[in-house]
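A structural walkthrough
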Amino acid sequence: MSLSPALIATRRFGLGTRPGELARLADDPQGWLANQIGAAVPLSGIQPSAQRVVALTEARQALREMKQEGNKNTDAFAQLKSEQRDFYLGDVSARLQAAVESDTPFAERWVWFWSNHFTVSIARPLIAGLVVPFDNEAIRPHAFGRFADLTLAVVRHPAMLLYLDNALSIGPDSPVGRRHDAGLNENLARELMELHTLGVDGGYDQDDVRALAKILTGWTVVRPGRMARYLDAEPGTFQFAAIAHEPGVKMLLGKRYAPDGEQEGVAAIHDLCAHPATARHIARKIARHFLADDPPPEAVTALENEFTRSGGDLAALARRLVALPQSWSLPMTKARPPEEWLIAIRRAFPATDKALPRALIGALQQLGQVPFAAPSPAGWPDDSAGWLGPEALMARLNFASAVAQRVRVAEPQTLAERVLGPEVMDESRLQIARAPSAADALALLLVSPEFMLR
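The following refers to the structure shown.

Rules of the game
Residues numbered from 1 in each chain as written. Predicted model: local features only at pLDDT ≥ 70, side-chain atom pairs only at ≥ 80, totals over all residues. Heavy atoms only, no water. Helix = DSSP H or I, 4+ residues; strand = E, 2+ residues; numbered from the N terminus. Rg over C-alpha atoms; globule rule 2.2 N^0.38 Å. Buried < 20%, exposed > 50% of the residue type's maximum accessible area, 1.4 Å probe, protein only. Areas by Shrake-Rupley, 256 points an atom, 1.4 Å probe, with all protein chains shown as cover. Lys, Arg positive; Asp, Glu negative; His and termini not counted. Charge placed at Lys NZ, Arg CZ, Asp CG, Glu CD. 1 Å grid on protein atoms, 1.4 Å probe; cavity = no way out; pocket = protein on both sides within 12 Å on 5 of 7 lines; lining within 4 Å. Points joined across faces, edges and corners; volume = space filled by probe spheres on them. Nonpolar A, V, L, I, M, F, W, Y, C, P; charged D, E, K, R; others polar. Contact = heavy atoms within 4.5 Å. Axes fitted to C-alpha atoms, helices over the stretch in contact; angles between N-to-C directions. Parallel < 35°, antiparallel > 145°, perpendicular 65-115°, else oblique. Left-handed = near helix turned anticlockwise from the far one by under 90°.

1. So, the overall build of the chain
The number of helices and strands found in the chain is 25 helices and four strands. Compactness check: the chain gives a C-alpha radius of gyration of 24 Å against a globular reference of 22 Å for 454 residues, within 12% of the reference. For the chain, the spread of C-alpha atoms along the principal axes amounts to about 75 × 55 × 35 Å. Buried positions account for 55% of the 454 residues belonging to the chain. With an accessible surface of roughly 19500 Å², the chain has 52% of that area assigned to carbon and sulfur atoms. The average position of the 48 basic charges and that of the 52 acidic charges among the side chains of the chain differ by 2 Å.

2. Side note on empty space enclosed by the protein
In this structure the tally under the stated criterion is two cavities of 30 Å³ or more. In this structure, the largest cavity spans a volume of roughly 50 Å³. Elements represented by at least two residues in the lining of the largest cavity include exactly α19 (338–348), α22 (412–420) and α25 (449–452). Its residues assigned to classes, the lining of the largest cavity shows five nonpolar, two polar and three charged.

3. Brief notes about the environment of Pro 5
Its location among the elements puts Pro 5 in helix α1 (residues 5–12). Judged by relative accessible area, which is 44%, Pro 5 ranks as partly exposed. In contact with Pro 5, other than residues within four places in its own chain, are Pro 29 and Trp 328.

4. Observations concerning the packing of α19 against helix α21 (residues 390–406)
It is at 13 Å that the axes of α19 and α21 come closest, and there the two elements cross at 20 degrees. One element, α19, and the other, α21, form an angle in the roughly parallel class. In this structure, α19 crosses over α21, and the sense of that crossing is right-handed. Listed contacts from α21 to Pro 338, Trp 341, Leu 342 and Ile 345 of α19 are Arg 396, Phe 399, Ala 400 and Val 403. Taken together, the residues of the contact of α19 with α21 sort by class into seven nonpolar, no polar and one charged.

5. Looking at the environment of Asn 187
Along the chain, the position of Asn 187 falls in helix α11 (residues 187–196). Put simply, Asn 187 and Pro 172 are 15 residues apart on the chain and 16 Å apart in space, counted from C-alpha to C-alpha. Discounting chain neighbours no more than four positions away, the residues touching Asn 187 are Leu 164 and Asp 165.

Structural data, given as structure tokens:
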């Protein structure tokens, strides 16, 4: 049975179907998606990252001073952790609520894709209070702009500079390096090439990693105190510190970069973003995320060509994705990760309880996807196998049963057609009809292939 274009638009590209939405979109679902391109709405009420960096730095400095004085104040340390946790919980709750209420769910999904592509994670507790400001300040304003501009915004953001340690990377032959016997940190350079631009098969080697690390020395975050006064910059923001930058010529991917301070890094990032390997890598990731774990080669090629033709214009890339024939013909085989699945549930059952997003964070912990807690810079897995193992399915069934006990639905079969379309498979329809109670029927609906796959 072929799926309606409206259903494909809300499931494959959105965050789940609202009751009655399929009928409203029936006339022009592709136009509905196209109209969202460029509409990455900033989250409101999120404190700027600079203020968070300053507060965190000052608190950590106070703790260090107490420790030096022999004052092991565990209460102060607990308070610091509690403040970071409160920042994180409040920010993530706002982000979840915005996704549930969004009238531009494709734009929201597009932002979430890039947030995962450029992962920062609370696996480094230092940046727990920065992960959503990172999403708000670096990703959202550039998600439909140029890929190079997005990448530069990401690399310059305090969350990324701290997460991948570039804020502490010192050129060995720089004034700071010679004075303090400090050295390079290659983490950001390696992930920038392996994960963010060229891809693991992008043709670079360890010499290129080291060269890029040297190019990016001096890209740091201004902390309060003498450093801020010396650099004459706002504490908590990005700053290029020339005294920490490695001097001399660097060779990256066969190209010579003459000494030019911060502009070496800007030029190198632009070159990486324009590299043919980057076009292939980004095209594959987008096709795998939106279309299939093993996307059709012709779809990948079309996206790759659009990336190259447009000079990395992400709005043009999104329009090309929506226009692909495969976007409207492929079966729904992609598993919704837990975060998307819970948002789809909330969109199917609009709630007025504004505190519920915090409850969702606890549920996501049980389901294995705490927001911004990816275990590595590679981000969360983007294949179905990563989310539909036996234990994961049991966790979803338990959660669906708990939801079904709280949500009263008189006619689950009618609801199934309103949010999943009339194309509900006969097997799912039969299971829902034979369920011993409305609650059981609703739980089966939530774990049906039609609800868990996109």
